[in-house]
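# Architecture at a glance
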Amino acid sequence: MRFLSLPIKLLTTFSVKDMNLKFRKMKLLKSLGLIGLSLMSFTLVVAQEKKAERTPEEKAEKMTIKISEELGLDANKTKELKVLNENFVRDMQRIKSDPTLEKKAYNREAKALKDDRKVNLKKLLSEKEYAEYESLEAKKIARHTEKKKMNSTPPSDRAANRTKKMTEHLSLTPDQIKKITPLNESAEMKIEAIKKDDALSEEKKKELIKVNRKEQIKALKSILTEEQLIKLKEAKKSHHRKGE
């Protein structure tokens, strides 16, 4: 009986190991399947978002509304500002679509158009309004510089920095950190893929990044508490008010 018990034990051991191996394989296949579905979903979002770009009029309208609201302009000034912005956007669109323009020539013409727009804005706005406009533009440039700096940072580092800030601001629990870390990493990887996609225009890249951020916030709702979500919302509002 002792001689028989040894083979039985060995068979049992190998059977358990075999089952564990099969289980791990099934788990791996499931994970790969989920990644595949995620990538398919992302591809569909990209395809759906590849619509026609905004017309110069639509871009000018957006610019006008933003500046008018920020400076509290009246109806007449808003109307004049819209015409000014439409001309500027059309001219910028013209030089952007000119294949004969080299980079130096493009930069020179773009600067001339921007300078001319500033001169016209100075004529249109009051001294106080223009000073406020200049202040907002300075903040925008600072924000753009900071974004360029962030864009040169690897996605994994950006994700780690985002998780760190969230942990400090929202007092995340170890369990929440464990769930949020891969979420932030996935979001930053998708954003990196969008930025490197040469088939997308800058306008489309911005739109897709917004879509990605919205999906990220939606996922966070199942991880964070109501109190933490309120804090996160307030932090975002404060972030925009500071022009960052």
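Bear in mind that the values here come from a model prediction, so they are computed numbers and not experimental data.

### Digging into the packing of helix 3 (residues 75-96) against helix 4 (residues 103-124)
Two numbers describe how helix 3 lies on helix 4: the axes approach to 10 Å, and their chain directions differ by 175°. Here helix 3 is positioned roughly antiparallel relative to helix 4, judged by the angle of their axes. Seen from helix 3, the contacting residues are Lys77, Glu80, Leu81, Leu84, Asn85, Phe88, Asp91, Met92, Arg94, Ile95 and Lys96; seen from helix 4, they are Tyr106, Glu109, Ala110, Leu113, Lys114, Arg117, Asn120, Leu121 and Leu124. A class-by-class count of the residues in the contact of helix 3 with helix 4 yields 10 nonpolar, 2 polar and 8 charged.

### Re the packing of aromatic side chains
Applying the stated criterion to the full structure yields 1 aromatic pair. Both rings, one in Tyr130 and one in Tyr133, keep their centres 6.0 Å apart while their planes meet at 35°; by these two values the pair is tilted. With Tyr130 and Tyr133 both in helix 5 (residues 127-151) and 3 residues apart, the pair spans about one turn of that helix. As far as burial versus exposure is concerned, Tyr130 and Tyr133 are alike and both buried. Directly above the aromatic system of Phe88 lies the positively charged group of Arg117, at a separation of 5.1 Å from the ring centroid.

### Notes on the side chain of Thr163
Within the element layout of this structure, Thr163 appears in helix 6 (residues 155-170). If we skip the residues at most four places from it in the chain, Thr163 touches Leu172, Ile177, Thr181 and Asn184.

### Remarks on the environment of Ala110
Within the secondary structure, Ala110 sits in helix 4. For the pair Ala110 and Phe88, spaced 22 residues apart in sequence, the C-alpha separation works out to 9.8 Å. What Ala110 contacts, discounting residues up to four positions off in sequence, is Met92 and Ile95.

### Concerning the side chain of Gln216
Mapped onto the fold, Gln216 is located in helix 8 (residues 202-220). We classify Gln216 as buried; its relative accessible area is 5%.

### Brief notes about the pattern of salt bridges
With the rule as written, the count across this model stands at 14 salt bridges. When the shortest N-O distance is used, the salt bridge between Glu202 and Lys205 registers 3.7 Å. Residue Glu202 and its partner Lys205 are located together in helix 8, separated by 3 residues, close to a single helical turn. Judged by relative accessible area, which is 55%, Glu202 ranks as exposed. What makes Lys205 buried here is its relative accessible area of 9%. One salt-bridge network, held together by shared partners, links Arg158, Arg162, Glu188, Glu192, Lys196 and Arg213.

### Things to note about the environment of Leu113
Within the fold, Leu113 resides in helix 4. Judged by relative accessible area, which is 16%, Leu113 ranks as buried. Spatially, the C-alpha atoms of Leu113 and Asp91 are 7.5 Å apart, while their sequence positions differ by 22 residues. Residue contacts for Leu113: discarding those within four places in its chain leaves Phe88, Asp91, Met92 and Ile95.

### Details of a positive patch on the surface
Taken together, the side chains of Lys62, Lys96, Lys114, Lys206, Lys210 and Lys214 make up a positively charged region of the molecular surface. In terms of residues, the positive patch owes the most to one element, helix 8, which gives 3 residues. Mapped onto the secondary structure, Lys206 falls in helix 8.

Cut-offs used in this document
Residues numbered from 1 in each chain as written. Predicted model: local features only at pLDDT ≥ 70, side-chain atom pairs only at ≥ 80, totals over all residues. Heavy atoms only, no water. Axes fitted to C-alpha atoms, helices over the stretch in contact; angles between N-to-C directions. Helix = DSSP H or I, 4+ residues; strand = E, 2+ residues; numbered from the N terminus. Parallel < 35°, antiparallel > 145°, perpendicular 65-115°, else oblique. Contact = heavy atoms within 4.5 Å. Nonpolar A, V, L, I, M, F, W, Y, C, P; charged D, E, K, R; others polar. Phe/Tyr/Trp six-rings, centres within 6.5 Å; stacked < 30°, edge-to-face > 60°. Buried < 20%, exposed > 50% of the residue type's maximum accessible area, 1.4 Å probe, protein only. Lys NZ or Arg CZ within 6 Å of the ring centre and 35° of its normal. Salt bridge = Lys/Arg side-chain N within 4 Å of Asp/Glu carboxyl O. Patch = residues over 30% accessible without salt bridge, like charges linked within 9 Å, V, L, I, M, F, W, Y side chains within 5 Å. Areas by Shrake-Rupley, 256 points an atom, 1.4 Å probe, with all protein chains shown as cover. Lys, Arg positive; Asp, Glu negative; His and termini not counted. Charge placed at Lys NZ, Arg CZ, Asp CG, Glu CD.

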